[in-house]
Structure formats: structure tokens, C-alpha cells
Amino acid sequence: MPFNNRSFIKGIYHPPGDKSISHRILILAGQTVGKSEVSNLLEGEDVINTLKAMKLLGAQIIRKNNKYYIFGVPPGGLFQPNKVIDFGNSGTGIRLFSGLISSNNIKVKLVGDRSLSKRPMRRVTEHLSRIGAQIELKDNLFAPIKLKGTGNAVPLSYEIQIPSAQIKSAIMLSALNTNGIVRIKEFKSTRDHTENMLKSMGYNIKVRENAKKRFIEMKNNKELKTINYNVPGDPSSAAFFISAACLKPGSKLIVRNMLFNKTRIGFLKTLLRMGGNIKIINKRKIHNELIADLKIYQKSNLNPIVMKSDDVPLQVDEIPILSIVASFANGLTIFKGLKELTVKESNRLLLIHENLKKIGVRSKIKKYDLYVYGNLELKKGAAVIKHNDDHRILMSFFISNIICKKNNIIRDKSCVKTSYPSFFKHISKFSY
Ligand code: S3P
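Residues numbered from 1 in each chain as written. Predicted model: local features only at pLDDT ≥ 70, side-chain atom pairs only at ≥ 80, totals over all residues. Heavy atoms only, no water.

> Mind showing me how you'd approach the overall build of the protein chain here?
A tally of helices and strands in the protein chain yields 12 helices and 22 strands. The C-alpha atoms of the protein chain give a radius of gyration of 21 Å, which matches the 22 Å a tight globule of 432 residues would have. Along the three orthogonal principal directions, the C-alpha set of the protein chain runs to about 60 × 45 × 40 Å. Per-residue burial over the protein chain gives 59% buried out of 432 residues. For the protein chain, the distance from the average site of its 72 positive side-chain charges to the average site of its 32 negative ones is 4 Å. (Helix = DSSP H or I, 4+ residues; strand = E, 2+ residues; numbered from the N terminus. Rg over C-alpha atoms; globule rule 2.2 N^0.38 Å. Buried < 20%, exposed > 50% of the residue type's maximum accessible area, 1.4 Å probe, protein only. Lys, Arg positive; Asp, Glu negative; His and termini not counted. Charge placed at Lys NZ, Arg CZ, Asp CG, Glu CD.)

Next comes the structure, spelled out in C-alpha cells:
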């Protein structure tokens with residue numbers, strides 16, 4: 001079935017495994033002695049690069065009957081790899097491994113693709129050099145990262161100034177092989193999967209939150225236990241289908257087994273505020289993560305909203321698809337404080353603005369705020385989308401076909417493989 005403005009979203013949909021959790025389970029199970037079992041791992045390129053990295057560092061990982069079996073090495077026991085480690089497009093991969101490796105007595109070179117080699121790395125490496133790791137960046141800013149870890153990391157207290165789960169998780173992974181107490185103060189809006197997984201693995205970690213901040217304390221006097229983990233569905237991937245269903249009254253979508261962690265479902269709250277008819281059912285907790293099923297039975301069109309900058313980290317990866325939703329809501333939507341979007345896989349803020357214009361939607365950027373002037377008319381479409389190989393920009397503007405008179409033109413769709421290899425298969429399965 002072609003996907004266009006006559007399409008509806010229908011069916012029972014299981015989103016692919018969560019990307020953030022897939023990275024973390026490979027890394028943390030890879031730091032346990034014994035056998036861990038992982039099912040529904042996201043088999044996207046970013047995660048496969050993490051899997052290969054973990055193997056180069058000494059873990060044994062076997063895929064059998066759709067499951068992964070992981071036999072790790074203990075904290076501090078990473079092997080000296082015999083080649084550079086390539087993280088492809090993945091900011092999460094390169095930053096989390098910088099942290100992990102920084103407290104191991106090995107020497108590595110971490111590289112990435114063109115996009116990753118332009119993304120800021122100092123935000124992580126500055127913290128890590130304080131524990132005693134020796135780090136060299138290209139132009140003092142970017143990957144390749146040449147890293148000589150220390151077997152004797154200094155336990156420190158950190159206060160993180162940017163709301164970023166990648167920065168926090170890098171520090172947390174360095175703490176796995178740091179004697180003493182490591183303390184972190186950060187924004188409570190960042191995703192907390194590393195914390196939740198460490199708790200499930202019996203690690204000595206304490207987490208406390210107030211209205212804005214989260215306080216983490218880690219002490220490495222307990223070993224990590226092996227774990228059997230079924231990776232829940234990725235809300236960031238499901239967001240494309242949920243948003244499309246909300247955009248098209250008459251759609252009926254059931255989503256099963258989706259991660260429902262409060263730091264990841266900001267976009268659901270946004271869609272609800274806009275008038276999305278989303279019911280949440282079967283909430284349950286597994287391994288300290290909330291999981292739920294959803295029913296989206298959309299009957300009416302959507303309304304505009306103003307999003308506060310404090311809410312951005314809760315939906316940082318979903319702003320591109322929400323900008324499409326906003327363009328078909330009746331009035332002006334403002335997304336405030338999108339600075340972090342400028343340092344993602346592409347400058348997403350700019351690409352959203354440029355592509356909205358191309359498909360016939362008025363928008364403007366004021367400082368780091370994005371204004372989208374929405375209305376209920378079909379957009380002209382027929383635009384050549386500029387995606388710069390950014391998977392989420394590509395998928396968002398593919399979904400925009402549902403609100404365009406003529407379908408847009410997207411050349412080279414291969415970058416969806418980084419986070420959602422089955423995206424187009426799912427489009428044909430769930431659109432009618
Ligand atoms: C991620 C954290 C976010 C997010 C990325 C995945 C993670 O980045 O954008 O897609 O798994 O920790 P920041 O923490 O840098 O905002």
C-alpha cells in the first residue's frame with residue numbers, strides 16, 4: 001500500500017527493542033562473570049556497533065534462536081583491543097564506551113562516521129580526564145578519541161551542567177572500576193536506564209531526586225550479577241506510528257510492550273495535550289522499568305501547544321516528528337529551548353525548519369526556539385527532503401506524507417538502519 005494522505009494507521013504494533021536499553025544491556029551484561037540472556041535486542045547498526053565493541057574488549061556474545069547470550073569480563077578486566085573501535089553513527093556508543101574504558105588500564109582509539117566526527121566530545125572527556133584517564137581529541141573537540149585509561153581512577157563528585165544521559169552514563173560506567181564513592185548531580189529529566197539496570201543487577205547504587213535534580217551515588221563494593229532481560233519496545237521508534245495515528249482521525253492503533261519510563265514519554269504527554277486520544281493500559285514494572293500497552297483511537301484533529309525548555313530532554317529525540325504533528329494542528333506551536341538538537345546526528349533544528357518550509361509549512365527559529373505555524377490544510381509536499389543521513393529526520397518527513405497533497409521525495413533511505421531497520425516494513429504493515 002502506498003503511504004500518503006489517504007492512509008490510516010491501523011493494527012497491533014510491537015515496536016522494535018529500545019535503543020538506549022539495548023546499548024546498556026550489552027555493556028553491563030558484558031561486565032558480569034557468567035551467562036546473561038537478552039531477547040528483543042534492537043538489531044540496528046548503532047547497537048550492533050556496541051556489540052562488536054564489547055566483543056573487542058573481551059566479552060563473548062553469541063546469537064542463537066533470536067536471543068543473545070553474553071559472557072562478560074568483570075569491571076576493570078577489559079581486554080586490550082587489537083584495532084580501533086568504530087561506533088559508526090552512534091553518539092551513545094562512543095560516549096558510553098569512553099566512560100567504560102577510561103577506568104581500565106588499556107589504550108584505544110575510538111572512531112565514528114562523518115556525522116559522529118563532528119559532534120562534541122569534550123562534554124564527556126573533560127569529566128573523564130579528571131579521574132586520571134589520558135585523552136586526546138581531534139582539534140581538542142571531536143572524535144577520533146585517543147584514550148589511555150587508568151587502572152586507578154580517582155572517585156570524584158560531579159555536577160553535570162547539560163541535561164544529557166550520555167554524559168551521566170559515561171561517568172557511571174567509569175565508576176564501575178573506581179574504588180570509593182562516585183557522586184553525580186544532574187538533571188532529573190535525563191533518561192535513567194543505566195541507574196535502573198544497575199539496581200536490577202544488584203549493584204550498590206543510590207538514586208534520589210528533587211523537583212529538578214537527580215543525585216546518584218555509586219560504590220563498587222558489590223559485583224554486578226548476571227541478568228535475563230527482555231528489551232521493551234522503543235518509544236522513540238513507536239513515536240512515528242503513534243504520531244501518524246494522531247494525525248489521522250479514523251486511525252486505530254494498539255501498541256504492545258512499549259517502554260513507559262517517565263523520562264522517555266514526554267512526547268505522549270505532548271500528544272495528549274494536543275488532543276491525541278491515547279489510552280494507556282496494562283502498566284507493569286520489569287527490571288525497574290515501567291512498560292505499558294497503548295490504544296490510539298483518534299477521532300479529532302489536534303491543537304497547538306507551547307513546550308517549555310525543561311520538557312525537551314523528556315522528548316529530545318521526538319521533536320522532529322512532533323514538528324510534523326504541530327504543522328497539522330490548528331495554530332502556532334512553539335518548542336522552546338532546542339539547543340541540544342543542534343548537536344545530534346545532524347543539526348536537527350535547522351533541518352526541521354528547512355524541510356518544513358520545503359513541504360509548505362511556515363516556521364521560524366528564534367534563538368533556539370522553534371515556531372511552527374500549523375493549520376488543518378494538506379501541505380503542498382512534493383519536496384526533496386534534505387536529511388543529511390539523519391535517521392530521525394528522514395523518518396519524520398516520510399511520515400509527513402500523510403499530511404501532504406503530494407508525496408515528498410526522499411533519496412537514499414538507508415540511514416534508517418541505525419535505529420529502526422524495519423521502519424518501512426512496519427509502514428506497509430500498519431498503514432491502510
Ligand atoms: C541517549 C541519550 C540522548 C538521546 C540519544 C540516546 C542515551 O542523548 O538523544 O538518542 O541512550 O543515553 P543525550 O543524553 O546526549 O541528550
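> Hey, could you run me through helix 3 (residues 91-102) in this one?
Relative to the 16 Å expected for 12 residues at 1.5 Å per residue, helix 3 spans 17 Å between its end C-alpha atoms, a close match to the ideal helical length. Summarising burial for helix 3: 12 of the 12 residues are buried, a large majority. (Expected span 1.5 Å × (residues − 1).)

> I keep staring at the packing of aromatic side chains and nothing clicks. Help me out?
By convention here, two paired aromatic rings are described through the distance between centres and the angle between planes. A complete count under the given rule lists 12 aromatic pairs for this structure. Both rings, one in Phe 241 and one in Phe 430, keep their centres 6.3 Å apart while their planes meet at 80 degrees; by these two values the pair is edge-to-face. Highlighted residues: Phe 241 in helix 7 (residues 235-247) and Phe 430 in helix 12 (residues 423-430), separated in sequence by 189 residues. Under the relative-accessibility criterion, Phe 241 is labelled buried at 1%. Classification of Phe 430 as buried rests on a relative accessible area of 4%. Ring geometry for Tyr 420 against Phe 423: centres 5.5 Å apart, planes inclined by 70 degrees, an arrangement best described as edge-to-face. For the pair formed by Tyr 420 and Phe 423, the shared burial category is buried. (Phe/Tyr/Trp six-rings, centres within 6.5 Å; stacked < 30°, edge-to-face > 60°.)

> Which parts of the structure should I look at to understand a positive patch on the surface?
On the surface, Lys 10, Lys 252, Lys 279 and Lys 299 cluster together into a patch of positive charge. With respect to the secondary-structure elements, Lys 299 resides in the loop between strand 16 (289-297) and strand 17 (306-307). By relative accessible area, which is 66% here, Lys 299 ends up exposed. (Patch = residues over 30% accessible without salt bridge, like charges linked within 9 Å, V, L, I, M, F, W, Y side chains within 5 Å. Areas by Shrake-Rupley, 256 points an atom, 1.4 Å probe, with all protein chains shown as cover. Salt bridge = Lys/Arg side-chain N within 4 Å of Asp/Glu carboxyl O.)

> Where do I start with the site of the ligand in this structure?
Close to the ligand lie Ser 20, Arg 24, Thr 92, Ser 164, Ala 165, Gln 166, Arg 191, Val 316, Asp 317 and Lys 344. Residue Gln 166 places a main-chain N or O atom 3.0 Å away from an oxygen atom belonging to the ligand. Between the ligand and the protein, one listed contact pairs an oxygen atom with a side-chain N or O atom of Asp 317 at 2.8 Å. Protein chains shield 95% of the accessible area of the ligand, which is 380 Å² for the free molecule. With respect to the detected pockets, the ligand is housed in the largest pocket. (Near = heavy atom within 4 Å. Polar contact = N/O pair within 3.5 Å; in protein donor to acceptor, adjacent residues only side chain to side chain. 1 Å grid on protein atoms, 1.4 Å probe; cavity = no way out; pocket = protein on both sides within 12 Å on 5 of 7 lines; lining within 4 Å. Sits in = over half its atoms within 2 Å of the grid points.)

> Whenever I open this one, empty space enclosed by the protein confuses me. Can you help?
Any empty space left between the atoms is revealed when a probe the size of a water molecule rolls over them. In total, this model carries one cavity of 30 Å³ or more according to the counting rule given. Its volume calculated, the largest cavity comes out at about 30 Å³. In this structure, the largest cavity is lined by Tyr 229, Asn 230, Pro 232, Ile 286, His 287, Glu 289 and Ile 291. Looking at the lining of the largest cavity, the elements with two or more residues in it are strand 13 (228-230) and strand 16. Among the residues forming the lining of the largest cavity, the class breakdown is four nonpolar, two polar and one charged. (Points joined across faces, edges and corners; volume = space filled by probe spheres on them. Nonpolar A, V, L, I, M, F, W, Y, C, P; charged D, E, K, R; others polar.)

> For this particular structure, what's the right way to read the nonpolar core?
Side chains of a nonpolar character, in soluble globular proteins, are inclined to be buried together. Ranked by size, the top nonpolar core spans 67 residues in total, and within it Ile 242 and Phe 423 carry the most contacts. At nine residues, helix 7 tops the list of elements feeding residues into this core. In this view, Ile 242 contacts Leu 253, Val 255, Met 258, Phe 267, Leu 268, Leu 271, Ile 278, Leu 294 and Ile 296; residues no more than four positions away in its chain are not counted. Grouped together as the second largest cluster of nonpolar side chains are 65 residues, Leu 51, Tyr 68, Leu 128 and Leu 173 included. (Core = buried A, V, L, I, M, F, W, Y, C linked by side-chain atoms within 4.5 Å. Contact = heavy atoms within 4.5 Å.)

> Would you explain the pattern of salt bridges in this entry?
Oppositely charged side chains can form a pair if their charged atoms are brought close together. Following the criterion strictly, the structure yields 27 salt bridges and no others. Between Arg 214 and Glu 209 there is a salt bridge whose closest N-O contact spans 2.9 Å. One salt bridge in this structure joins Asp 317 and Arg 348, with 3.8 Å as the shortest N-O distance. With Asp 317 in the loop between strand 17 and helix 9 (319-327) and Arg 348 in helix 10 (residues 348-359), this pair connects stretches of sequence that are 31 residues apart. The buried category is assigned to Asp 317, whose relative accessible area is 12%. Because the salt bridges share partners, they merge into one network encompassing Arg 119, Arg 191, Asp 317, Glu 345, Arg 348, Asp 390 and Arg 392.

Without other data, these values stay purely geometric and don't point to any function.
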